[in-house]
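# Observations on the model geometry
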Amino acid sequence: MPSLFKKGDIMIGGIFPVFNKDVSNIATFEGEPPAVICALYDLRAFRWTQVMIFAIEEINNDPGLLPNISLGYRILNSCSSPTNTLRAALTLPSRQDEKEKAYGCSPGISAVIAEAGSSQSLAVAGILGPFQVPVVSYFSTCACLSNRAKYPTFFRTIPSDYFQAKALAVLVKHFGWEWIGAIQSDNDYGRNGILAFTEEVKKFGICIAFVGTVLRTYPQEKILKVIEMIKESSVKVILAFSPEGDFSPLMKEVVKHNITGIQWLASEAWITAPQPSTPEMYQAFGGALGFVVQKMAIPNLKQFLTDINPYRDPSVPFVKEFWEIMVGCQPVSHGMGTGAEKATKICTGNETLIDHTQDVFFNVTQLRVSYNVYKAVYAIAHALHQLVFCQPAGEKNAKPCLNLSEINPKEVTYHLQRVNFINQFGDNVFFDENGNPPASYDIINWQLKNGQVQHVTLGHFTSTKNGDYTLSIQEENIVWRTGKVVPTSVCSNACPVGTRKAQIKGKPTCCFDCIPCADGTIANLTGTSECMPCPQEYWSSERKDVCILKNVEFLAYHEPMGIALTVVALLGASLSLLTMTIFIHYRETPVIKASNSELSCFLLFSLFLCFLCPLTFIGRPTVWTCMLRHTVFGVTFALCISCILGKTIVVVTAFKATHPSNTVAVKFGPTQQRIIVCSCTLIQIVICILWLKLSPPLPDRVFKYSNKKIVLECNTGSDVAFYVVLGYIGFLAVVCLVLAFLARKLPDNFNEAKFITFSMLIFCAVWITFIPAYVSSPGKFTVAVEIFAILSSAFGLLISIFAPKCYIILIKPEKNTRKHVMGKNSLQKP
């Protein structure tokens, strides 16, 4: 294989893709393998070879670095092919070239600078790693090469794709792009780069719409499939993670099909490459954004490049092709060549490069990959200095501590891992445990100035060891493909407030529908994935964007139902007082005397309290009203029923005494009646005291009746106590009903037992129907049902027992006589 060669005390190998394409015939294994034939000469790669030579010459002239030791080199061409790269890696240790044999026996290769492509570097690192030969790459960024178990001797002066993928993901997140496409080269560089990028963007919730694959050797049909993929997709941002040679066929097709309006993101492999940076490509790729390693201007390099001359040594490979491209003619000494070469203009021999120094090849002010080659050479030199002199470069009185013939590549690898120096440009050169340099990128934007594509630096990205990063970017100076407005790229627009994302089955997470939040939940930000539930005291607004306080509901005095019940209660209390007044005024009349005036007044007073009792049920519940409403209700109704019980017993005993000598009625006089009323009422009082002591009723907020309101009601505290109170009242009422029913047919025109029976029937009917209505009524209607039962039963007692008496007293006073009250039968003697 042709090589750039110079003998030295210590030899460094180099592998560069001077040609971009391998056009070798396939070996048939029937004869000697055909010679390697490469095409597509790459000026940029040729400059990399010259930078390596320049750096070695600079080191050889530096008395402080490897003094009295000369570095030599052997540089081979890889044709951008992993196969040829492997061939070059195996060729480096051998000395088969006749020209090299003329220099005598040269030392073995101590280190290798290789390669541009990640797939090629994988081949070199894989074949040289077992021999402990250190390999330093200047342009291979695949994160897979950081695997120290597989590639223990691999180093690089360009950051890993892990950091580039992280930088690209941060850039995508920064501009809010959520739906992007990806183009990868069908090799380790492209596949691993997109894989790392995909993992990073997933952390930010960004989706990849499609992944197209390209390669420089792909047929036209495969490239057109990627074109159709781009056309059919709705993405407006596409990342191309590919070397320029692999991406170039697709770029030409994109321009040919006039696909515009796409914001392209570029990997460092092509964003600053000179070949695609043309006005023609700018039509579709203008405004492209990408990351590149930092640029640097190397002093004296331009002069070194302009000194390249094919006439100085006609046998030096790669120079003839360079001269033909740069000068435009074929050197005289190379007259023998292919037919294509014969058609080229023959040089006169007087041509120089002075007239072509404006070419981008000679622009050494913005070197990026070339600077990586430069740093790689110096890193190897510093490792060799430490190995040979046992001290860092730059210290005085350096004396060798190792014979050059004893240099072992394994020891070079050991010292290369520990290299740490600051070069003449102020950059700290070192490698981490995986052989990677510190990650630092410039943000490049394609802009058209004076008819030429310019790579304008508009920002910077730096990653630290702890995983943090800093991104600075001059957004106002970016030229977008869509103009000055930042393009948008989303599969679905952000959901407005009050709605949430609903994943569409079978589509990426970035594609979603927007559905309203459920009742009781809100989304007060756009693009919310989940609706937030409102606190218990709040409810969602109609737009579902804010929580509002629930309405508080209780039976209030000012509402129609409260007013009606209050009026009815006061009316009942007034009628009770009026009836009591009538009974007191007419207490000496036969009707009043016959109905036991004392018990009647007690009964009317208890009914008065029963009518006032509902007033404690109306209004906002408090601790005192909750304790009063049920206990007062229980005690007043117990007093009321006790009075009726007393009256019933009096009626029964009086009419059962059929003989004047019978003393039963005499024994059940006023004292006994009072004892009955007080004892029956006292039992209820004791029950209520125990209730208030053990588990008193308390005000409570109830949320179960409605989602939009809070019902304030009194919690009984103990349902058992509440139903014991009701049960006791019911027991007294049943006893009254039974006794009154037994005495209903006793003789007398005014037999009070009939009225007591009827009143007890009404009372029992009301409270029997109350229980299911009370349990099933929601909210404030529960209170209304209880008030209705109290008023209904109280009115039933008042009307059934006292209305007939008042009727006789006020309307039929002629019947208010002893004769009428006692009746005919009662006046006849037995």
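Everything below is about the structure printed above this text.
So, here is what we can say about the structure in this document. (Residues numbered from 1 in each chain as written. Predicted model: local features only at pLDDT ≥ 70, side-chain atom pairs only at ≥ 80, totals over all residues. Heavy atoms only, no water.)

## What about the overall build of the chain?
The helix and strand tally for the chain stands at 24 helices and 27 strands. Compactness check: the chain gives a C-alpha radius of gyration of 53 Å against a globular reference of 28 Å for 830 residues, more than 25% above the reference. Projecting the C-alpha coordinates of the chain onto the three principal axes gives extents of approximately 170 × 60 × 55 Å. Once local pairs closer than 6 in sequence are excluded, the contacts in the chain between residues at least 24 apart make up 69%. Each charge class in the chain can be summarised by its mean position, and for the 72 positive and 61 negative side chains these summaries are 19 Å apart. (Helix = DSSP H or I, 4+ residues; strand = E, 2+ residues; numbered from the N terminus. Rg over C-alpha atoms; globule rule 2.2 N^0.38 Å. Contact = heavy atoms within 4.5 Å. Lys, Arg positive; Asp, Glu negative; His and termini not counted. Charge placed at Lys NZ, Arg CZ, Asp CG, Glu CD.)

## Digging into the environment of G646
Along the polypeptide, G646 turns up in helix α18 (residues 623-656). Through-space distance from the C-alpha of G646 to that of E476 is 99 Å; in sequence the pair is 170 residues apart.

## Regarding helix α21 (residues 719-742)
For α21, which comprises 24 residues, the first-to-last C-alpha distance of 34 Å matches the rise-based estimate of 34 Å (1.5 Å per residue) to within 8%. Every buried residue of α21 is accounted for by A721, F722, V725, L726, Y728, I729, L732, A733, C736, L737 and A740. (Expected span 1.5 Å × (residues − 1). Buried < 20%, exposed > 50% of the residue type's maximum accessible area, 1.4 Å probe, protein only.)

## Details of the state of the cysteines
A complete count under the given rule lists 10 disulfides for this structure. Disulfide pairing places C207 opposite C510 at an S-S distance of 2.2 Å. Judged by the sign of its S-S torsion, about 90°, the bond between C207 and C510 is right-handed. With C207 in strand β10 (residues 207-214) and C510 in the loop between β19 (499-503) and β20 (512-516), this pair connects stretches of sequence that are 303 residues apart. Taken as a pair, C207 and C510 share a single burial class, namely buried. (Disulfide = S-S within 2.5 Å.)

## Thoughts on the pairing of strand β13 (residues 289-293)
The side chains of a regular strand alternate, first on one face of the sheet and then on the other. Counting buried positions over the 5 residues of β13 gives 5, a clear majority of the element. Both faces of β13 are covered, namely the face carrying L289, F291 and V293 and the face carrying G290 and V292. Examined bridge by bridge, β13 and strand β16 (residues 440-449) share 5 bridges and lie antiparallel to one another. Across the sheet, G290 pairs through a bridge with I444, a residue of β16. (Pairing = 2+ DSSP bridges.)

## Quick word on the pattern of salt bridges
Taken as a whole, this structure holds 12 salt bridges when the rule is applied. Here D519 and K544 are joined by a salt bridge, their closest N and O atoms 3.3 Å apart. A residue pair is termed long-range when its members are at least 10 positions apart, and D519 in the loop between β20 and β21 (521-522) and K544 in the loop between β23 (538-540) and β24 (547-549) qualify at 25 residues. Classification of K544 as buried rests on a relative accessible area of 13%. D545 is paired through a salt bridge with R543; the nearest N and O atoms lie 3.5 Å apart. (Salt bridge = Lys/Arg side-chain N within 4 Å of Asp/Glu carboxyl O.)

## Describing the nonpolar core
One finds M52 and F197 to be the most contacted residues of the largest nonpolar core, which totals 110 residues. A per-element tally of this core places helix α13 (residues 369-389) first, with 15 residues. Apart from residues no more than four positions distant in its own chain, M52 is found in contact with I12, G13, G14, F16, Y73, I75, I113, V373 and V377. (Core = buried A, V, L, I, M, F, W, Y, C linked by side-chain atoms within 4.5 Å.)

## Focus: the sheet that holds strand β25 (residues 551-553)
Across the sheet, 3 strands lie side by side as β25-β27-β26; this open sheet has mixed pairing. The open sheet has two edge strands, β25 and β26 (698-702), and neither has a second partner. Strand-to-strand twist across the sheet, computed as the mean angle between neighbouring axes with direction ignored, equals 30°. Pairing of β25 with strand β27 (residues 709-715), which is carried by 3 bridges, proceeds in the parallel orientation. Residue E553 lies in a different strand from β27, and its bridge partner there is V711. (Axes fitted to C-alpha atoms, helices over the stretch in contact; angles between N-to-C directions.)

## Remarks on the sheet that holds strand β2 (residues 10-16)
A sheet is described by the order of its strands in space; here 6 strands give the open sequence β1-β5-β2-β6-β7-β8, paired in mixed fashion. Strands at the two margins of the open sheet, each flanked by one partner only, are β1 (3-6) and β8 (154-156). If you compare each strand with its neighbour and ignore which way they point, the axes differ by 20° on average. By the bridge criterion, 7 bridges tie β2 to strand β5 (residues 71-77) in an arrangement that is parallel. Directly across from M11, in β5, lies its bridge partner G72. Seen against the sheet, helix α1 (residues 43-60) touches β1, β2, β5 and β6 (109-113) and runs at an angle of roughly 175° to β5. Of the strands in this sheet, β2 and β5 touch helix α2 (residues 82-91), which is tilted by about 150° from β5.

## Here's the deal with the packing of aromatic side chains
Per the stated rule, a full pass over the model turns up 41 aromatic pairs. Between F633 and W767 the ring centres are 5.2 Å apart and the planes differ by 35°, which places this aromatic pair in the tilted class. Taken together, the positions of F633 in helix α18 and W767 in helix α22 (residues 752-776) put the pair 134 residues apart, joining distant regions of the chain. Residues F633 and W767 agree in their burial class; the two are buried. One Lys or Arg, R148, reaches over the ring of F155 and ends 4.9 Å from the middle of that ring. Here K222 stacks its cationic end above the ring of Y218, 4.4 Å away from the centre of that ring. (Phe/Tyr/Trp six-rings, centres within 6.5 Å; stacked < 30°, edge-to-face > 60°. Lys NZ or Arg CZ within 6 Å of the ring centre and 35° of its normal.)

## Some words on helix α15 (residues 560-585)
An α-helical turn contains 3.6 residues, so a residue and the one three or four places further along point in the same direction. Its 26 residues place the ends of α15 37 Å apart at the C-alpha level, agreeing with the 38 Å of an ideal helix rising 1.5 Å per residue. Taken as a whole, α15 has its buried residues at G562, L565, T566, A569, G572, A573, S576, T579, M580, I582 and F583. On its buried face, α15 sits against α16 (590-594), α17 (597-612) and α23 (780-811).

## What about the packing of α15 against α17?
α17 packs onto α15 with a crossing angle of 165° between their chain directions and a minimal axis gap of 8 Å. One finds that α15 runs roughly antiparallel with respect to α17. For the pair α15 and α17, the sense of crossing is left-handed. Side by side, α15 and α17 meet where A569, L570, G572, A573, S576, L577, T579, M580, F583 and I584 of the first sit next to S600, C601, L604, F605, L607, F608, F611 and L612 of the second. Within the contact of α15 with α17, the residues separate by chemical class into 14 nonpolar, 4 polar and no charged. (Parallel < 35°, antiparallel > 145°, perpendicular 65-115°, else oblique. Left-handed = near helix turned anticlockwise from the far one by under 90°. Nonpolar A, V, L, I, M, F, W, Y, C, P; charged D, E, K, R; others polar.)

## Comments concerning the pairing of strand β9 (residues 179-185)
With respect to burial, β9 is a largely interior element, 7 of its 7 residues being buried. Along β9, one buried face is formed by W179, G181, I183 and S185 and the opposite face, lined by I180, A182 and Q184, is buried too. When β9 meets β10, the two strands line up parallel, connected through 6 bridges. Paired with A182 across the two strands is V211, which belongs to β10.

## Section: the environment of K805
Examined against the element boundaries, K805 turns out to sit in helix α23. Sequence separation of K805 and S595 is 210 residues, and the distance between their C-alpha atoms is 8.8 Å. Of the polar contacts made by the side chain of K805, one reaches the backbone oxygen of I801; its length is 3.0 Å. (Polar contact = N/O pair within 3.5 Å; in protein donor to acceptor, adjacent residues only side chain to side chain.)

## Some thoughts on unusual backbone geometry
Following A114, the chain continues to E115 via a peptide bond in cis, the omega torsion being -5°. Checked against the element boundaries, E115 lands in the loop between β6 and α4 (118-128). Residues other than glycine seldom take positive phi values, yet C390 does so here, at roughly 60°. Mapped onto the fold, C390 is located in the loop between α13 and α14 (409-417).

## Here's the deal with the side chain of E253
Residue placement: E253 occurs in helix α8 (residues 244-256). Buried E253, no salt bridge; nearest opposite-charge side chain is K256, N-O distance 4.5 Å. Not counting chain neighbours up to four residues away, the residues in contact with E253 comprise Q220, I223, L224 and I227.

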